[in-house]
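In case you want the letters, here they are:
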Amino acid sequence: MFNIFLPDEHVDSIYDITPAFLKKHHKKGVIVDLDNTLVPWNEHYPTDEVREWLETMRKEGIKVTIFSNNNEERVSLFTETLNIDAVHKANKPLQGAFKRTQQKMKLQKEDMVVIGDQLLTDVLGGNRIGFFTILVVPIVQSDAAITKFNRNMERILLNYFYKKGKLTRRIKHGK
């Protein structure tokens, strides 16, 4: 019943997701959330580590689009020096922007992965359209006010998935 919220993988951070992992799962395109997935929600610019992760993906032929429900100013400020596609006001978990992004990336549904820190937006949206989904642990425990309600619901769902043995977390990143 709740499986629409169940991610295919659960990892500590984006740095646990390597090109080798994606290629093993036959994934060629990544839709990655911005806030609390790539950087804390209140951080305006990419870190060197994020830049390196994105560059590694690019060098290995993995297409990446940053995908956010946040506004254009927030997303543009973050991406202005990255030379990367981005979608603002994506309206996750609705399917429209996911479909348009897949088409723009010129990839099939089975080639796509959605990475994010929220079950009710990133995972639900990716699962609804049939993409592989990866949940990452939020970078920081504080959230924008609008996200706090979602976090309470997520705790209930995550506890259910763990208790039922439907979800485990892979811990690989050295932090």
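These numbers come from a predicted model, not from an experiment.

*Asks:* Even after reading the chapter, I still don't get the pairing of strand 6 (residues 132-136), so can you show me in this structure?
*Replies:* Successive side chains on a regular strand alternate, one facing one side of the sheet and the next facing the other. The element strand 6 is largely enclosed, with a buried count of 5 among its 5 residues. Burial of the side chains of strand 6 extends over both faces: F132, I134 and V136 are buried on one face and T133 and L135 on the other. One ladder, built from 3 bridges, connects strand 1 (residues 9-11) with strand 6; its direction is parallel. In the sheet register, E9 faces strand 6, and the bridge partner there is I134.

*Asks:* Where do I start with the side chain of D35 in this structure?
*Replies:* Mapped onto the elements of the fold, D35 is located in the loop between strand 2 (29-33) and helix 2 (48-59). There is a polar contact of 2.3 Å between the side chain of D35 and the side chain of R74. Look past the residues within four positions of D35 in its chain and what remains in contact with it is P40, W41, S68, N70, R74 and D117.

*Asks:* What's the story with the packing of aromatic side chains in this structure? I'm lost.
*Replies:* What describes a pair of aromatic rings is the distance from one ring centre to the other and the angle between the planes of the rings. By the definition in use, this model includes 4 aromatic pairs. For the ring pair F67 and F98, a centre distance of 4.7 Å and an interplane angle of 45° mean the geometry is tilted. In this pair, F67 is assigned in strand 3 (residues 63-67) and F98 in helix 4 (residues 96-105), connecting sequence segments 31 residues apart. The burial state of F67 is the same as that of F98; both residues are buried. Three or more aromatic residues joined by ring pairs form one cluster here, namely F2, Y160 and F161.

*Asks:* Explain helix 5 (residues 119-129) to me, please; I cannot follow it from the model alone.
*Replies:* Given 3.6 residues to a turn, an α-helix orients residues that are three or four positions apart in the same direction. Summarising burial for helix 5: 10 of the 11 residues are buried, a large majority. For helix 5, every residue scored as buried is listed here: L119, L120, T121, D122, V123, L124, G125, G126, N127 and I129. Immediately downstream of helix 5, the backbone of G130 shows phi near 95°, a positive value.

*Asks:* How do you make sense of the side chain of N150 when you look at a structure like this?
*Replies:* If you trace the backbone, N150 turns up in helix 6 (residues 145-163). Note on N150: relative accessible area 16%, which makes it buried. Setting aside residues no more than four positions away along its own chain, N150 makes contact with Q118, L120 and T121.

*Asks:* I tried to follow the pattern of salt bridges on my own but got confused; where do I start?
*Replies:* Side-chain pairs of opposite charge can arise whenever the charged atoms involved come near each other. The final tally for this structure, using the stated rule, is 8 salt bridges. Notably, a salt bridge pairs K92 with D33, separated by 2.7 Å at the nearest N-O pair. In this pair, K92 sits in the loop between strand 4 (85-87) and helix 4 while D33 sits in strand 2, placing the two residues 59 residues apart along the sequence. One exposure class covers both K92 and D33, and it is buried. Note that D122 and K92 form a salt bridge whose closest N and O atoms lie 2.7 Å from each other. Highlighted residues: D122 in helix 5 and K92 in the loop between strand 4 and helix 4, separated in sequence by 30 residues. There is no split in this pair, since D122 and K92 are both buried. Through salt bridges with shared partners, one network takes in D33, K92 and D122.

What counts, and where the lines are drawn
Once a new chain begins, its residue numbering starts again from 1 and follows that chain's sequence as written. pLDDT decides what is reported in this predicted model: residues at 70 or higher carry local features, side-chain atom pairs at 80 or more are listed and counted, and totals for whole chains, interfaces and linings draw on all residues regardless. The side-chain values count all of the structure's non-hydrogen atoms but skip hydrogen atoms and water molecules. In this scheme, a residue with accessible area under 20% of its type's maximum is buried, one over 50% is exposed, and one in between is partly exposed, where area comes from a 1.4 Å probe on protein chains only. Put simply, DSSP marks the helices as runs of H or I at least four residues long and the strands as runs of E at least two long, and each gets a number from the N terminus on. Strands qualify as paired when DSSP identifies two bridges or more between them. Polar contacts here mean pairs of N or O atoms no more than 3.5 Å apart (in protein, one a potential hydrogen donor and the other a potential acceptor; neighbouring residues in sequence count only if both atoms are side-chain atoms). The contact rule is simple, with two residues in contact once any of their heavy atoms fall within 4.5 Å. Working definition: a ring pair exists when centres of Phe, Tyr or Trp rings (six-membered ring for Trp) sit within 6.5 Å. Plane angles under 30 degrees give stacked, over 60 give edge-to-face, the rest tilted. Think of a salt bridge as a Lys or Arg side-chain nitrogen and an Asp or Glu carboxyl oxygen that are within 4 Å of each other.

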